Amino acid sequence: MRDLHGASLCPKKSNTSRNIFIFLLIGAVALNLILFLSLTVLGAYFSEHEFYAAYILAQRINIANFLQRIEALMATTWIISTYFKIVLFFHAFVLETAQILKLKSYRPLIFPVEFLIYGLSHLIAKNIIFYVKEVPAYWLDWEITNAFAFPLILLVVYHIRKRISHNKQLT
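Residues numbered from 1 in each chain as written. Predicted model: local features only at pLDDT ≥ 70, side-chain atom pairs only at ≥ 80, totals over all residues. Heavy atoms only, no water.

Draft legend 1. Quick peek at the overall build of the protein. Scanning the protein from terminus to terminus reveals seven helices and zero strands. Shown N-terminal to C-terminal, the secondary structure of the protein runs as helices and strands in the order α-α-α-α-α-α-α. Classification of the 171 residues of the protein by burial places 10% in the buried group. Long-range contacts, defined as pairs at least 24 residues apart, comprise 11% of the intrachain contacts of the protein with a sequence gap of at least 6. Carbon and sulfur atoms form 70% of the exposed surface of the protein, whose accessible area is close to 15500 Å². The distance from the centre of the 16 positive side-chain charges to the centre of the 9 negative ones in the protein is 15 Å. (Helix = DSSP H or I, 4+ residues; strand = E, 2+ residues; numbered from the N terminus. Buried < 20%, exposed > 50% of the residue type's maximum accessible area, 1.4 Å probe, protein only. Contact = heavy atoms within 4.5 Å. Areas by Shrake-Rupley, 256 points an atom, 1.4 Å probe, with all protein chains shown as cover. Lys, Arg positive; Asp, Glu negative; His and termini not counted. Charge placed at Lys NZ, Arg CZ, Asp CG, Glu CD.)

Dropping the structure here:
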């Protein structure tokens, strides 16, 4: 079935879950490769104590005295990927805040949230020394909460909502 312009009116099958799985697999392989290279090239002690072991690995690359200085490419990649990650998180935060507050548009929230995040980032963590001294004590709690507890709560809420909607359909 087609509309006036020849476009299909039937929705196409979505491959979102397959694509997510593929990218998760690629990311896991890349992280494991970096970990393996870090352990074999730098050793266990430096791999454990260096913040940016992958950057140090990139500094050591020297192929026939021609292919060198790969760390500049890696740093550029990190900066660009961090920028896009921040943009995506910011956009999701603003959209969800607008939905929670039942606003018609998310645009009035953009500048206040920008200033709030900027101010809080300088208030909470002024420099890298904060991360070295303060964060390790709480890192395990943070990871358990964000990587296990929140997804588990979301999964439970999803199943409860699904069961409630299924029961409403039956009655």
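Draft legend 2. Structural context of the nonpolar core. Counting residues in hydrophobic clusters, the biggest one holds five residues: F90, V94, A98, L109 and V113. Counting residues per element, this core draws most heavily on helix α4 (residues 70-100), at three residues. Residue contacts for A98: discarding those within four places in its chain leaves L103, S105, Y106 and L109. (Core = buried A, V, L, I, M, F, W, Y, C linked by side-chain atoms within 4.5 Å.)

Draft legend 3. Spatial organisation of unusual backbone geometry. One non-glycine residue, K102, adopts positive backbone phi at about 55°. For K102, the position within the fold is in the loop between α4 and α5 (110-124). With a relative accessible area of 73%, K102 lands in the exposed category.

Draft legend 4. Representation of the packing of aromatic side chains. Enumeration according to the criterion identifies three aromatic pairs in this entry. Ring geometry for Y83 versus F84: centroids 5.4 Å apart, planes at 75°, classification edge-to-face. (Phe/Tyr/Trp six-rings, centres within 6.5 Å; stacked < 30°, edge-to-face > 60°.)

Draft legend 5. Representation of α4. Its 31 residues place the ends of α4 45 Å apart at the C-alpha level, agreeing with the 45 Å of an ideal helix rising 1.5 Å per residue. On its buried face, α4 is in contact with α3 (53-59) and α5. Positive backbone phi, approximately 55°, marks K102, located one or two places after α4. (Expected span 1.5 Å × (residues − 1).)

Draft legend 6. Molecular detail of a nonpolar patch on the surface. On the surface, a nonpolar cluster with roughly 890 Å² of combined accessible area is contributed by L140, I144, F148, L152, L155, V156, Y158, I160 and I164. Residue position: L152 is located in helix α7 (residues 135-170). For L152, a relative accessible area of 42% translates into the label partly exposed. (Patch = residues over 30% accessible without salt bridge, like charges linked within 9 Å, V, L, I, M, F, W, Y side chains within 5 Å. Salt bridge = Lys/Arg side-chain N within 4 Å of Asp/Glu carboxyl O.)

Draft legend 7. Expanded view of the side chain of S47. Position of S47 among the secondary structure elements: in helix α2 (residues 44-49). You can call S47 buried: its relative accessible area is 17%. Looking at S47, its side chain comes within polar contact range of the side chain of S38, at 2.6 Å. (Polar contact = N/O pair within 3.5 Å; in protein donor to acceptor, adjacent residues only side chain to side chain.)

Draft legend 8. Layout of the confidence of the model for the protein. Per-residue confidence for the protein averages 84 on the pLDDT scale, and 92% of its residues sit at or above 70. Here helix α6 (residues 128-133) is the element of the protein with the lowest mean pLDDT, 78, and α4 is the one with the highest, 90. (pLDDT = per-residue confidence, 0-100.)

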